[in-house]
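If you want the building blocks of each chain, they are given just below.
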Amino acid sequence: MDHQTSGLHSQSSQSGFQWYSFAYQGLTEIPYDAILSQTDTLEVLDLSYNLLEDTLILDGNHYTSHIKFPYMPSVTTLYINKNKLNNLPVFVEEIRRKFPNIKILSMMNNEAAPSYFNGGSLTQYTDYRQYVISQIPGLEILDDTEVLEKERIQARKTYRLQQSGHSLRSKDVSSKKRRHMRKKSSTVIRQ
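The present account deals with the structure reproduced in this document. Residue numbers run consecutively from 1 along every chain, following the written order of its sequence. It should be noted that, the model being predicted, local features are given only for residues of pLDDT at least 70 and side-chain atom pairs only at 80 or more, the latter also being counted only at that level, while totals for whole chains, interfaces and linings use all residues. Side-chain descriptors were evaluated using all non-hydrogen atoms of the structure, hydrogens and water having been removed beforehand.

Some points on the side chain of Arg152
Point 1. The numbering of helices and of strands both runs from the N terminus, where a helix is a DSSP run of H or I of at least 4 residues and a strand a run of E of at least 2. Within the secondary structure, Arg152 sits in helix H5 (residues 149–190).
Point 2. Here a polar contact means two N or O atoms within 3.5 Å. Within protein one must be a hydrogen donor candidate and the other an acceptor candidate, and residues neighboring in sequence count only if both atoms are side-chain atoms. Engagement of the side chain of Arg152 in a polar contact is seen with the backbone oxygen of Pro137, the distance being 2.7 Å.
Point 3. Here, residues are in contact when the closest pair of their heavy atoms is within 4.5 Å. Not counting residues within four places of it along the chain, the set of residues in contact with Arg152 comprises Ile133, Pro137, Leu139, Glu140 and Val147.

So, the packing of aromatic side chains
Point 1. By convention, a stacked pair of Phe, Tyr or Trp rings (six-membered ring in the case of Trp) has centres within 6.5 Å and planes under 30 degrees apart, an edge-to-face pair has planes over 60 apart, and any other such pair is tilted. Under the definition given, this model contains four aromatic pairs.
Point 2. Measuring from ring centre to ring centre gives 5.3 Å for Tyr131 and Tyr159, while their planes differ by 70 degrees; the resulting arrangement is edge-to-face. Here Tyr131, found in helix H4 (residues 122–135), pairs with Tyr159, found in helix H5; they are 28 residues apart in sequence, far enough to count as distant.
Point 3. Throughout, exposure labels follow a simple rule: accessible area from a 1.4 Å probe, protein chains only, divided by the maximum for the residue type, with under 20% read as buried, over 50% as exposed, and the rest as partly exposed. The class of Tyr131 is buried, set by a relative accessible area of 17%.
Point 4. In this structure Tyr159 comes out as buried when scored by relative accessible area, which is 13%.

Here we look at the sheet that holds strand S6 (residues 104–106)
Across a sheet, strands are paired by hydrogen bonds formed along the backbone, either parallel or antiparallel in direction.
Point 1. Here we have five strands laid out as an open sheet, ordered S4-S5-S6-S7-S8, and mixed in their pairing. Bordering the open sheet on either side are strand S4 (54–57) and strand S8 (145–146), each of which pairs with just one other strand.
Point 2. In terms of strand pairing, strand S7 (residues 141–142) meets S8 through two bridges, oriented antiparallel. Bridge pairing in S8 places Leu142 opposite Thr145. At least two DSSP bridges between two strands are needed for those strands to be called paired.

Focus: helix H3 (residues 88–98)
Point 1. Burial in H3 covers these residues: Leu88, Phe91, Val92, Glu94, Ile95 and Lys98. End-on, the buried residues of H3 take up no more than an arc of 155 degrees, which puts them together on one face.
Point 2. Buried-residue contacts for H3 involve strand S5 (75–79) and H4.
Point 3. Its side-chain oxygen at 3.2 Å from the backbone nitrogen of Val90, Asn87 defines the N-terminal cap of H3. Directions from the helix axis toward the C-beta atoms define the arc.

A few points about the environment of Tyr20
Point 1. Tracing the backbone shows Tyr20 in strand S2 (residues 18–21).
Point 2. Taking relative accessible area as the criterion, Tyr20 reaches 6% and is therefore assigned buried.
Point 3. Along the primary structure Tyr20 and Leu45 are separated by 25 residues, whereas in three dimensions their C-alpha atoms are 5.0 Å apart.

Let's talk about the environment of Ile80
Point 1. Structurally, the position occupied by Ile80 is in the loop between S5 and H3.
Point 2. In this structure Ile80 touches Leu58, Asp59, Tyr63, Phe69, Leu85, Phe91, Ser106, Met107 and Asn110, once residues within four positions along its chain are discounted.

See the structure below:
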């Protein structure tokens, strides 16, 4: 058996569910041949605590926004195009926490990444980019486009304004209520 498959640990359940672990094997490359030979039944693949670097390509699968990744600080590039991602905040939070050094993220052709090509409007696309950029500040390329400094600035402003805008509205409502209560109490006193 070669080095890449010598550490394979497999478990299966009565329902045919397959779990493969290549954890703690010192792998520097993903063992594609071993994985591809199990694609019919493979449901969980554990590559944690290895020496994998740089790029993770997961295009064309059925991953959802609730995918769980191991902590992989060495990954700087993630391609997860053409999957089933539909909840942007959930997915971006997972990416931000598990890939702290991510520089390139491509998630085109997913519902969570609206663009002209999948029926999204320009406004939706711009908002999507701003949200992702605001949550992953070190990002250099999102999908196929470089992150510009002016986008970074606008992303920080947009999402800061939304947060502070909510608290400002709360303060306005509270001060209006206080004024109304003062008016009401002074009216009662005069009578």
